[in-house]
Amino acid sequence: EDQVTQSPEALRLQEGESSSLNCSYTVSGLRGLFWYRQDPGKGPEFLFTLYSAGEEKEKERLKATLTKKESFLHITAPKPEDSATYLCAVQGETGANSKLTFGKGITLSVRP
Amino acid sequence: NAGVMQNPRHLVRRRGQEARLRCSPMKGHSHVYWYRQLPEEGLKFMVYLQKENIIDESGMPKERFSAEFPKEGPSILRIQQVVRGDSAAYFCASSPTGAGTPQHFGDGTRLSIL
């Protein structure tokens, strides 16, 4: 069974204070690892897909990296508008291959 | 902006009633997924459908829950004889193809059971 663990559960940063969010996973053959952002009362908003170890993706202040066991979401010089819950999900090769298995998320608060 | 549309956004039902949740996928997307988010828990997969076919229902409770994605119209998640434990946020996602492509989510239906 695919599993995803995210840490820490919550993170409070000062504006401009860079940090990293961790996503550890076990999966029977990785088809893709996905990062989403979720704001209160909203659905998850797609950020990145990573497919193989060593791959990196960047978007504004966010950078996602992938190894065979974990992924990191690095936030550089965060701003208050980066405050949200960040979700990590994996898609494995078992079954119909399309379901996402999510972690519980990391709630990020950025203080001005 | 033709994103994934879910309605209603909020639904209140009494125990024993039926709940119907609707989802219109993004334009050009023929793959639909339903997930449930319970308080303090992560999103849990329920079912994966393509037009007129259920592809994977491994996350669906065996009783009272059903889903469809007809040839015409939105996908429907139906919960019969609702119980308090069904209270949750139900999210629909869609993708243009299956495995490996990002799933794009709607803003969910918040179901409350009195």
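Residues numbered from 1 in each chain as written. Chains lettered and ligands numbered in written order. Predicted model: local features only at pLDDT ≥ 70, side-chain atom pairs only at ≥ 80, totals over all residues. Heavy atoms only, no water.

### Brief notes about the sheet that holds strand S8 (residues 75–79) of chain B
Residue and element names in this part refer to chain B.
Step number 1: Taken together, 4 strands build an open sheet; the order of strands is S1-S3-S8-S7 and the sheet is antiparallel. Since the sheet does not close on itself, it has two edges, and those belong to strand S1 (5–7) and strand S7 (65–68), each with one partner. Strand-to-strand twist in this sheet, taken as the mean axis angle between neighbours without regard to direction, amounts to 15°.
Step number 2: Here 4 bridges tie S7 to S8, and the two strands are oriented antiparallel to one another. In the sheet register, Phe-65 faces S8, and the bridge partner there is Ile-79. (Pairing = 2+ DSSP bridges. Helix = DSSP H or I, 4+ residues; strand = E, 2+ residues; numbered from the N terminus. Axes fitted to C-alpha atoms, helices over the stretch in contact; angles between N-to-C directions.)

### A closer look at the sheet that holds strand S7 (residues 62–66) of chain A
All names here are of chain A.
Step number 1: Pairing is antiparallel across the open sheet formed by 5 strands, whose spatial order is S1-S3-S8-S7-S6. The open sheet is flanked by strand S1 (3–7) and strand S6 (56–59), the only strands paired with a single partner. Averaged over all neighbouring strand pairs, the angle between strand axes comes to 15°, with direction disregarded.
Step number 2: Summarising the sheet, strand S3 (residues 19–26) and strand S8 (residues 70–75) pair through 6 bridges and their orientation is antiparallel. Opposite Ser-24, over in S8, you have Glu-70 as the bridge partner.

### Observations concerning the environment of Phe-65 of chain B
Step number 1: When you line up the elements, Phe-65 of chain B lands in strand S7.
Step number 2: By relative accessible area, which is 10% here, Phe-65 of chain B ends up buried. (Buried < 20%, exposed > 50% of the residue type's maximum accessible area, 1.4 Å probe, protein only.)

### Details of the side chain of Gln-37 of chain B
Step number 1: For Gln-37 of chain B, the position within the fold is in strand S4 (residues 31–37).
Step number 2: You can call Gln-37 of chain B buried: its relative accessible area is 18%.
Step number 3: Reaching out from Gln-37 of chain B, the side chain makes a polar contact with the side chain of Gln-38 of chain A at a distance of 3.4 Å.
Step number 4: The residues touching Gln-37 of chain B, leaving out its near neighbours within four places in the chain, are Gln-38 of chain A together with Gly-42, Leu-43, Ala-88, Ala-89 and Phe-91 of chain B. (Polar contact = N/O pair within 3.5 Å; in protein donor to acceptor, adjacent residues only side chain to side chain. Contact = heavy atoms within 4.5 Å.)

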